Structure formats: C-alpha cells, structure tokens
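Letter by letter, the chains look like this.
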Amino acid sequence: VDSLVSKLLINVTSFFRDPETWRVVAQEVIPSVFLSADSFEVRVWVAGCSTGEEAFTLGMLILEHLRTRQQKEAWTVRIFATDIDNAALEYARQGRYPREAAGELTPALRDRYFIESGSGSSAMLEVVPALRHLMVFVPHNLLSNPPFISMNLVCCRNVMIFLKREAKATILGQLHRSLNAPHGFLVLGNSEQAGHGNEDLFEALPACKHIYRSTGV
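Below, the structure is looked at part by part.

The rules behind the values
The residue numbering used here restarts from 1 in each chain and proceeds along that chain's sequence as written. Per-residue local features of the predicted model are confined to residues with pLDDT of at least 70, and side-chain atom pairs are confined, for both listing and counting, to 80 or more; whole-chain, interface and lining totals are unaffected and use all residues. Only hydrogens and water are set aside; all other atoms, that is, all heavy atoms of the structure, feed into the side-chain values. A pair of strands is labelled paired if DSSP reports no fewer than 2 bridges between them. A run of H or I in DSSP becomes a helix once it reaches four residues, and a run of E becomes a strand once it reaches two; helices and strands are each numbered from the N terminus. Every angle, taken between N-to-C directions, lies between 0 and 180 degrees, and every axis is a line fitted to C-alpha atoms, over only the stretch in contact when it is a helix. Should a side-chain nitrogen of Lys or Arg be within 4 Å of a carboxyl oxygen of Asp or Glu, the pair is scored as a salt bridge. Accessibility here uses a 1.4 Å probe with only protein chains present; expressed as a share of the type maximum, an area under 20% marks a residue as buried, one over 50% as exposed, and anything in between as partly exposed. Two residues form a contact once any of their heavy atoms are found within 4.5 Å. We call a crossover right-handed when, viewed with the strands running away from us, the connection from the first strand over the helix to the second turns clockwise. The arc in question is traced by the directions running from the helix axis to the C-beta atoms. Within 3.5 Å is the distance limit for a polar contact, defined as a pair of N or O atoms, with the added protein rule that one can donate a hydrogen and the other accept it, and that residues adjacent in sequence qualify only through two side-chain atoms.

Right, let's get into the sheet that holds strand 5 (residues 124-127). Within the open sheet, the 3 strands sit side by side as 3-5-4. Their pairing is antiparallel. Strands with a single pairing partner mark the edges of an open sheet, and in this sheet they are strand 3 (96-98) and strand 4 (114-117). Here the strands of the sheet are splayed against their neighbours by 30° on average, with no regard to which way each runs. Where strand 3 meets strand 5, 3 bridges bridge the pair, whose relative direction is antiparallel. From the neighbouring strand, Arg96 faces strand 5, where its bridge partner is Glu126.

Have a look at this one:
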C-alpha cells in the first residue's frame, strides 16, 4: 500500500515554495500559535514532508519569530516531519542541499540557518544545528497510521491532490483530530481545500483560503 500511495504523491518541493502562503504563516499563523500555546511548548506536524525543505522553511519562520522577540530560550519547539517515502526522509535527515536550492531564501536567512561548503557545481548548504534540532523525521502513512496529537500547527501541502474524495475526507478527519481545537491551524496546498464532508471542522482564514483554523467540533 505504501508503495502505491508513494507513486501518487508529488515529491516536488523547495524552500519557501508559494511565498504568499509563507507570508501569511509568518505574519498571522505563527504569532497566533505562540499566543495560544500552553506551557511554553509548540508542536508542529509537517505531513508529507518529502525531502524536508518545507519542514525547514517552517522551522526558520518559527526561529525568526522567537529571535525577533528574544524568546528562543523560553520555548520548546518540536517539528514532526513525516512521509511514507523512506528515501526522501533519509535525505531530509541529512539536512544538506545543493546551493541552487536556496533560490527563494533571503541572504539573511541563508547566512543564519545554513553553512556553505564546497564550490562551483558541488557547493552544498547544510542546515545549522539550531534548526536541525527542531526536527523529528519519521515514516508515517496518513491513511493507515494514527495521527500525531496535541499539535498547534499542521502543514499538509499537495498531499491530497490525486486522492479520491473518501481518502481526502479520512485524512482531513485525522488532521483535525491531531490539532488543538479551537486554536490549531492547518496549512494546505494552493489547490486543496478542507471540504470533502469536513466543512464543519475548519474555518478558512480571510487572508488565505487554504489556511484554516480548527474549530471546536
């Protein structure tokens, strides 16, 4: 089953893919997550993380939020990044990317969160320990494994595009159960929506129609 589902998923990803989505996440979602979090702990789930760029993007935004407020030492942040593709997960765990992968990174973010090695076509960017230590990369099948729980934020982008309605409904139900309602947030891909029989579980943000707040249902 994992092999079949893997063939249906899109492993196209990059740092800060769809910049407008990440702008809303940085300006609205992350501040709200920290305002509503309990016990100085934030838990995030990046489902369908592929080779890790999206998880590290979210990690950078969270660290920037804490850095600008001088609150990094006060908070515990854990990002659970999952996929059914073990080869993609192993790549993500290494935290090493070709230099050209930094196309959407600002110079400040690249310098703060990556160490460059090599030169020319062999130049690589390696994630710094402070960012890498936020991550837990583990295998997980959204259709057959139980969800992670007590999450403040779930990112599940471009995972459901080619799935049937019933499978989408199952996944959205799992994602809702994973979130701390009513203060949890769900980020989907640009062409995805939290419908499919689950309309009462999520409320879209006015600023971005594929980012949702979990309801208390």
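There's plenty left to go through after this.
This paragraph deals with the pattern of salt bridges. Counted under the stated rule, the structure contains 9 salt bridges. Here Glu20 ties to Arg23 by a salt bridge, and the two come within 2.5 Å at their closest N and O atoms. In this pair, Glu20 and Arg23 both sit in helix 2 (residues 19-36), 3 residues apart, roughly one turn of the helix. Residue Arg23 is classed as partly exposed on the basis of its relative accessible area of 35%. Residues Arg99 and Glu116 are paired through a salt bridge, measuring 2.6 Å at the closest nitrogen-oxygen approach. In this pair, Arg99 sits in the loop between strand 3 and helix 5 (107-113) while Glu116 sits in strand 4, placing the two residues 17 residues apart along the sequence. Take Arg99: its relative accessible area is 37%, and that puts it in the partly exposed class. Judged by relative accessible area, which is 40%, Glu116 ranks as partly exposed. Taken together, the salt bridges that share partners define one network made up of Asp18, Glu54 and Arg157.

Here Gln174 lies in helix 7 (residues 165-178). With residues near it in sequence (within four places) discarded, Gln174 still touches Leu142, Asn145, Pro146 and Pro147.

Right, let's get into the pairing of strand 2 (residues 76-83). With 6 of 8 residues buried, strand 2 is to be regarded as a mostly interior element. Each parallel crossover has a hand, and the one from strand 1 (residues 41-47) via helix 3 (residues 53-68) to strand 2 is right-handed. Pairing of strand 2 with strand 6 (residues 135-139), which is carried by 5 bridges, proceeds in the parallel orientation. Residue pairing across strands places Ala81 opposite Phe137, the latter belonging to strand 6.

Quick look at the pairing of strand 9 (residues 202-205) now. Relative to strand 10 (residues 208-214), strand 9 is paired through 4 bridges, and the arrangement is antiparallel. In the sheet register, Ala204 faces strand 10, and the bridge partner there is Tyr212. Counted along the chain from strand 9 to the antiparallel partner strand 10, the turn is 2 residues long.

Along the chain, Phe185 falls in strand 8 (residues 185-188). On the accessibility criterion, Phe185 (1% relative accessible area) is buried. On a C-alpha basis, the gap between Phe185 and Cys155 in space is 8.3 Å, while along the polypeptide they are 30 residues apart. Residues within four places of Phe185 in sequence aside, it is in contact with Val29, Ser32, Val33, Asn152, Leu153, Val154, Leu179, Leu205, Tyr212 and Arg213.

Before going further, it helps to examine helix 4 (residues 86-94). Three or more residues of helix 4 are buried, namely Ala88, Leu89 and Ala92. Considered in projection along helix 4, the buried side chains sweep an arc of 100° and stay on one side of the axis. Between the side-chain oxygen at the start of helix 4 and the backbone nitrogen of Ala87 there is a gap of 3.0 Å, and the oxygen is on Asp85. Immediately beyond the C-terminal end of helix 4, within one or two residues, lies Gly95, with a positive phi of roughly 65°.

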